[in-house]
Amino acid sequence: MRKKIVAGNWKMNKSPVEAVEFARSIKDSVKGSEAEAVFCTPFVCLGPVMDELKGSGIAVGAQNMHFEDSGAFTGEISAPMLKAMGVPFVIVGHSERRQYFGETDESVNLKAKKALVHGLTPIICLGETLEQRKQGITTDLVRLQTRIAMSGIEKADAKKVVIAYEPIWAIGTGVTATDAQAEEACGDVRRVLAEIYDNDTAETIRIQYGGSVTVDNAKGLFAMPNIDGGLVGGASLKPDFGVIVNA
């Protein structure tokens, strides 16, 4: 039985003081949930929020990392740095990173493999644009992105990965994929994982839905058989995030 996982992606929001205050205000509504909860904060907030959440059972994740251990990469953060801080999760390949910072399926794969080498759990993001959906290539695209993301990742490590299907047209728009649309795409991801590895391995990998998840639609989305929780953006910055986690 896969344990549900709900990760809040805070994006570029909140100072360290604000982040700690917010974490303190909602942690009681989140801890003890049957789902695993993760707060993915800005880099400058990771340490303070981790201190605030000690003993709560709530994990903290980073929003990005480089695929090299070190080097002349001004402004970047490496997996060993995150590991040294005790950060267990990291988002890789979010659509905003792809759109604004030129990340590719290949660089996402490098990041995912590097995260696994250092004992981090990568939350690998993939998904289609509205135009791609209109062209009827969602399934082909999702399958391709999954294959490239998992390239070179052995079966034992594949079981540690979390994949987040996030239709780009639903991120921050208030438009959410229907339960059926989200389930279809997440099912496509699981089917291609079974082709890459085997059915048993595919059944262990957790697949999230991301894209305008709210308190109103979370329960229906999370009830779908191939959806194991959510990657939540704007709603994770609101007090009722605990309601989403408990959905």
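Residues numbered from 1 in each chain as written. Predicted model: local features only at pLDDT ≥ 70, side-chain atom pairs only at ≥ 80, totals over all residues. Heavy atoms only, no water.

> How should I be thinking about the sheet that holds strand β6 (residues 162–165) in this particular structure?
Note on sheets: strands pair through backbone hydrogen bonds, and any given pair is parallel or antiparallel. Sheet architecture is closed into a barrel: 8 strands sit in the order β1-β2-β3-β4-β5-β6-β7-β8, paired in parallel fashion. Averaged over all adjacent pairs, the angle separating strand axes in this sheet is 25 degrees, with direction ignored. In terms of strand pairing, strand β1 (residues 5–9) meets strand β2 (residues 36–40) through 5 bridges, oriented parallel. Of the residues in β2, the one forming a bridge with Gly8 is Phe39. Here helix α5 (residues 105–117) sits on the sheet and contacts β4 (89–92) and β5 (121–126); the angle it forms with β5, its principal contact strand, is near 165 degrees. (Pairing = 2+ DSSP bridges. Helix = DSSP H or I, 4+ residues; strand = E, 2+ residues; numbered from the N terminus. Axes fitted to C-alpha atoms, helices over the stretch in contact; angles between N-to-C directions. Contact = heavy atoms within 4.5 Å.)

> Can you walk me through the packing of helix α7 (residues 138–149) against helix α9 (residues 179–196) in this structure?
Helix-helix packing is characterised by the crossing angle of the two axes and by the distance between the axes. Where α7 contacts α9, the two axes come as close as 9 Å, and the packing angle between them is 45 degrees. It follows that α7 is oblique to α9 by the angle criterion. Note on packing geometry: the crossing formed by α7 with α9 is right-handed. Residues Thr139, Val142, Arg143, Thr146 and Arg147 of α7 form the contact with α9, whose participating residues are Ala185, Asp188, Val189, Val192, Leu193, Glu195 and Ile196. Each residue belonging to the contact of α7 with α9 can be placed in one class, and the counts come to 6 nonpolar, 2 polar and 4 charged. (Parallel < 35°, antiparallel > 145°, perpendicular 65-115°, else oblique. Left-handed = near helix turned anticlockwise from the far one by under 90°. Nonpolar A, V, L, I, M, F, W, Y, C, P; charged D, E, K, R; others polar.)

> What is the right way to read the side chain of Asp105 from this model?
Structurally, Asp105 is set in helix α5. For Asp105, the side chain forms a polar contact with the side chain of Arg98, separated by 2.5 Å. Not counting residues within four places of it along the chain, the set of residues in contact with Asp105 comprises Arg98, Gln145 and Ile148. (Polar contact = N/O pair within 3.5 Å; in protein donor to acceptor, adjacent residues only side chain to side chain.)

> Sorry, what's going on with the pairing of strand β8 (residues 229–232) here?
The side chains of a regular strand alternate between the sheet's two faces. Of the two faces of β8, both are covered, the one formed by Gly229 and Leu231 as well as the one formed by Gly230 and Val232. With 4 bridges joining them, β1 and β8 adopt parallel strand pairing. Within the sheet, the bridge partner assigned to Ile5 lies in β8 and is Gly229. Both strand β7 (residues 206–210) and β8 contribute to a ladder of 2 bridges, which runs parallel. From the neighbouring strand, Gly210 faces β8, where its bridge partner is Leu231. (Buried < 20%, exposed > 50% of the residue type's maximum accessible area, 1.4 Å probe, protein only.)

> What's the story with the pairing of β7 in this structure? I'm lost.
Summarising burial for β7: 5 of the 5 residues are buried, a large majority. The alternating pattern of β7 places Arg206, Gln208 and Gly210 and Ile207 and Tyr209 on opposite faces, both of which are buried. Looking at chain direction, β6 and β7 are connected through 4 bridges and run parallel. Residue pairing in the sheet places Ile163 in a bridge with Ile207 of β7.

> Is there a simple way to explain unusual backbone geometry in this structure?
For residues other than glycine, phi is negative in most cases, and the peptide bonds are mostly trans. Positioned with a positive phi, Lys11 is a non-glycine residue whose angle comes to about 55 degrees. As for its position among the elements, Lys11 is in the loop between β1 and α1 (16–30). Even without being glycine, Lys14 reaches a positive phi, approximately 80 degrees. Within the secondary structure, Lys14 sits in the loop between β1 and α1.

> Help me understand α1, please; the structure alone is not making it clear to me.
It helps to recall that an α-helix has 3.6 residues per turn; residues three or four apart then point in one direction. Its 15 residues place the ends of α1 20 Å apart at the C-alpha level, agreeing with the 21 Å of an ideal helix rising 1.5 Å per residue. Along α1, the sharpest change in direction is near 30 degrees and occurs at Arg24. Those residues of α1 that sit buried are Ala19, Val20, Phe22, Ala23, Ile26, Lys27 and Val30. If you follow the buried residues of α1, they end up packed against β2, α2 (46–53) and α12 (241–245). (Expected span 1.5 Å × (residues − 1). Bend = angle between axes of the 7 residues up to and from the residue.)

> Looking at this model, I keep getting lost on the packing of α5 against α7. Mind explaining?
As a packed pair, α5 and α7 sit with axes 8 Å apart at the nearest point and diverge in direction by 40 degrees. Classified by the interaxial angle, the pair formed by α5 and α7 is oblique. Together, Asp105, Glu106, Asn109 and Ala112 of α5 and Gln145, Ile148 and Ala149 of α7 make up the contact between the two elements. Split into classes, the residues belonging to the contact of α5 with α7 amount to 3 nonpolar, 2 polar and 2 charged.

> Looking at this structure, how should I read the nonpolar core?
Looking at soluble globular proteins, one finds that nonpolar side chains tend to be buried together. Counting 63 residues, the largest nonpolar core has Phe39, Met150, Leu193, Tyr209, Phe241 and Ile244 as its most contacted members. In terms of residue count, α9 provides more of this core than any other element does, 6 residues in total. Apart from the residues within four sequence positions on either side, Ile244 is in contact with Val6, Val213, Thr214, Val215, Ala218, Phe222, Val232 and Ala235. In terms of nonpolar packing, the next biggest core, distinct from the first, is built from 12 residues, Val38, Phe89, Ile123 and Val162 among them. (Core = buried A, V, L, I, M, F, W, Y, C linked by side-chain atoms within 4.5 Å.)

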